[in-house]
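Summary of the model geometry
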Amino acid sequence: MKSFITVIGKDTVGIIASISQILAEQNVNILDINQTVMQEMFTMIMMVDTAEPKCSFSELSEMLTEYGKNAGLSVRIQREEIFNKMHRI
Amino acid sequence: MSMIRPDEVLETIEMIDRENLDIRTITMGISLRDCASESAEKSCTKIYDKITKLAGSLVDTATDIQTEFGIPIINKRISVTPVAMIAESSDAENYTMFAEALDRAAAETGVDFIGGFSALVHKGYTTGDHKLINSIPEALSSTKKVCSSVNIATTRAGLNMDAVAEMGRIIKDTAQRTADSGGLGCAKLVVFSNVPEDNPFMAGAFHGVGEPESVINVGISGPGVVQSAVKKVPGDDFGAVAENIKKAAFKITRIGELVAREASRRLDTRFGIVDLSLAPTPAMGDSVAHILEEMGLEKCGAPGTTAALALLNDAVKKGGAMASSYVGGLSGSFIPVSEDAGMIDAVRCGSLTIEKLEAMTCVCSVGLDMIVVPGDTSAETISGIIADEAAIGMVNNKTTAVRVIPAPGMKLGDTVEFGGLLGSGPVMKVNSFSNADFIARGGRIPAPVNGMKN
C-alpha cells in the first residue's frame, strides 16, 4: 500500500530529516521525494510504502501531524487511492 | 498507471483545505421489514437490536476512512424502512415510541441522524400511515436525531390533497411543540413529491421497499470546488463554464465512489449509490448561491438565476454520472436558504424571494428547503406552498420537496438561529391571500398525462 506525505509551510532546516526519522522508526520506506521552495514556502511530496508500518496508519498519521504542529507546518499522509481516483481514469 | 504528479496532489489538498470538499454523509440503509410485531414494544426492541447490530461499526469505519484518505466525512447516518409500514402491524395508536427506539439506536451507534419516520401516501393512507403522520409532531419534539418524511405525490399516482392539507397542520403543530428552539422540529420534516428511495441526505432519507437488507449510500459535496472551477473562466462563454463544472463534478464524485466502495467493503454491506449533490453549508466558500453569482449575477435571485442554476445542475450531473457506476438519490444542486451563506445574504438584501426559489426548484434537485416563514403563517398557506411545489415535481417527473419552518413568534425581518449545518434562517415573506377554500376541497389531483408512459 502506497501513500503520499505532503508537507507545506515555511522552509526550515531539517524538515526532511525529521520526517525521514519518523518513517524509519516505523518501518516505512520512502519511494520518491519531490520538493520545491517558492517564496520561502516549502512544499514536499513524498511517496512512501505503508504496507507494513510498525504502528497503525492512524498512529503514523498522528505522529506526522504532531510533528507538523510543533514545527509550524501542515503535514499529512493520505493513501494514494484518493489521488489515483481523482486524477487517473 | 502513471505516477501522480505533485501538482495533482496539491490540487486535491487544496480542494479539501480551501474549497471545503468533503463527503457530506455515509448513510447506511437498513430494512426493518422483519421487525414488525403485534406488540409495539417487541417491535421497538427488534428495531433497536437490528440497527445497533448492523450499524455498530459505521462511525468507526467512517473515521478510519477519513484518516486514511485524508477526506473529511462530515456525517454518519442511518436510514430505515418507512416506519408506518412496520408499526402498523402493532397494537400502538401513537407511534412516538417507534421514533424513540430509533433515537436510542442512533445514540448508541453514534450517528448524527436517523431517517425513516416516514409514510408514503401519494395515492392514499393506510391506517398505519394515519397514525404515523399524527405522531410526527410529538415524535420530532421528543427525539433528537430522528428525521421524518412524507411522500404526498408521484407522477404516476397524482397529488394527494388530503395529505397536503394535513401536512400543513402537522408542520404548524411541530413548530409549536418545538417553539423554544425556533421550530427546529420542522427542520427534521420533509414533504416530498416523487421521493427517491435511496437518498442519503437528511431530513428525507429512508430505506425504500425495493432496497436490499442493508446498503451503503454516500452523499458528496463540494460547492466551493465548483465555485472555484467557475472562477477559473472569468468572462468566458457558458460552454466553457459548463465544461469546467463537469470536470470538477467528475473529480469530486470519484472521491465519493472511492469512499462508498471502501465503506461498503469494510462494513460488508452492499454499495448502493453515490448521490452527487451540491449540498451547501453556512461556512464561507461552501455556497451554491455564490456559484451562481460567480457566473455574473450581482445577487442570487437576479434575473438569470434560474438559467444559471439549470446549467449548474445539468453540468454537475453530466460530470458526476461519468465518475460513478451507480448514481442515485437526489443528485443535483440543493438550494436550502438557512444552510447557505449566499442564499441568506440574497434573502436579506431582498434579491431572493420564495416565488423565485419556487421557479428555481423546477431546474434543480429537491425544492423549497429550510425556508423560515412568519410564525403566524396559516396551515392552509403552508399546504398551498406544498401543493405548488408537489405539482412542479409531479408534472416534471422529478423530485421536489418542502421543508418550511413557521417559526413561532417570528415575523418578517427576524432571523432564526438553528446552529450547525442547519444554519440561520431569515424569515421570508409569504403571500398571505387566502387559499382556504382551495385546500378544503381535498381528494386527489389526478396523475398528469405525461405519467402514462407504458
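Owing to the predicted nature of the structure, the values given are computational and were not obtained by experimental measurement. (Residues numbered from 1 in each chain as written. Chains lettered and ligands numbered in written order. Predicted model: local features only at pLDDT ≥ 70, side-chain atom pairs only at ≥ 80, totals over all residues. Heavy atoms only, no water.)

1. Concerning the domain arrangement of chain B
Residues and elements named next belong to chain B. Structurally, chain B comprises domain 1 (23-193) and domain 2 (220-441). Taking the mean C-alpha position of each, domain 1 and domain 2 sit 22 Å from one another. Tallying the contact residues gives 43 residues for domain 1 and 48 residues for domain 2. Of all residues in domain 1, R24, K172 and S193 bury the most surface against domain 2, accounting for 18% of the area lost on that side. For the interface between domain 1 and domain 2, the tally reads two salt bridges. Across the salt bridge formed by R24 and D286, the nearest N and O atoms sit 3.7 Å from each other. Scanning the region where domain 1 abuts domain 2 turns up 14 residue pairs in polar contact (both at pLDDT 80 or more). (Domains from an automatic or database assignment. Contact = heavy atoms within 4.5 Å. Buried area = accessible area lost by both parts, 1.4 Å probe. Salt bridge = Lys/Arg side-chain N within 4 Å of Asp/Glu carboxyl O. Polar contact = N/O pair within 3.5 Å; in protein donor to acceptor, adjacent residues only side chain to side chain.)

2. A closer look at the packing of aromatic side chains
Residues and elements named next belong to chain B. Per the stated rule, a full pass over the model turns up four aromatic pairs over all chains. Between F271 and Y326, the aromatic rings sit 6.0 Å apart at their centres with planes inclined by 80°, giving edge-to-face as the arrangement. Taken together, the residues F271 in strand β8 (residues 270-275) and Y326 in the loop between α11 (305-323) and α12 (341-348) connect sequence positions 55 residues apart. The class of Y326 is partly exposed, set by a relative accessible area of 47%. (Phe/Tyr/Trp six-rings, centres within 6.5 Å; stacked < 30°, edge-to-face > 60°. Helix = DSSP H or I, 4+ residues; strand = E, 2+ residues; numbered from the N terminus. Buried < 20%, exposed > 50% of the residue type's maximum accessible area, 1.4 Å probe, protein only.)

3. What about the interface of chain A and chain B?
In this assembly, 24 residues from chain A lie in contact with 29 residues from chain B. The largest contributions to the chain A side of the interface with chain B come from K85, M86 and R88 of chain A, which together make up 31% of the buried area. Between the two partners, chain A and chain B, sit three salt bridges. For E68 of chain B, the salt bridge is made with R79 of chain A, and the minimal N-O distance between the two is 2.7 Å.

4. Notes on the UniProt feature "domain: ACT" (unreviewed entry) in chain A
Here the UniProt feature "domain: ACT" (unreviewed entry) sits at residues 4-82 of chain A. Annotated as 35% helix and 42% strand, the span residues 4-82 of chain A places its first and last C-alpha atoms 10 Å apart. (UniProt positions renumbered as here; feature names shortened; annotations may be inferred.)

5. Some details on the pattern of salt bridges
As enumerated under the stated definition, the model contains 22 salt bridges over all chains in all. Residues participating in the shared-partner salt-bridge network are R79 and E81 of chain A together with E68, E262, R265 and R266 of chain B.

6. Concerning helix α7 (residues 161-177) of chain B
Relative to the 24 Å expected for 17 residues at 1.5 Å per residue, α7 of chain B spans 24 Å between its end C-alpha atoms, a close match to the ideal helical length. Residues of α7 of chain B that are buried: M161, A163, V164, A165, E166, M167, G168, I170, I171, K172, T174 and A175 of chain B. (Expected span 1.5 Å × (residues − 1).)

7. Quick word on the packing of helix α2 (residues 40-54) of chain B against helix α5 (residues 96-109) of chain B
All names here are of chain B. Orientation of α2 relative to α5, taken along the N-to-C sense of each, is 25°, at an axis distance of 9 Å. Our classification of the angle between α2 and α5 gives roughly parallel. Here α2 runs over α5; the crossing is right-handed. When α2 is examined against α5, the residues A40, E41, S43, C44, I47, Y48, I51 and T52 are found in contact with a partner set consisting of M97, F98, A101, L102, R104, A105, E108 and T109. Classifying every residue of the contact of α2 with α5 gives 10 nonpolar, three polar and three charged. (Axes fitted to C-alpha atoms, helices over the stretch in contact; angles between N-to-C directions. Parallel < 35°, antiparallel > 145°, perpendicular 65-115°, else oblique. Left-handed = near helix turned anticlockwise from the far one by under 90°. Nonpolar A, V, L, I, M, F, W, Y, C, P; charged D, E, K, R; others polar.)

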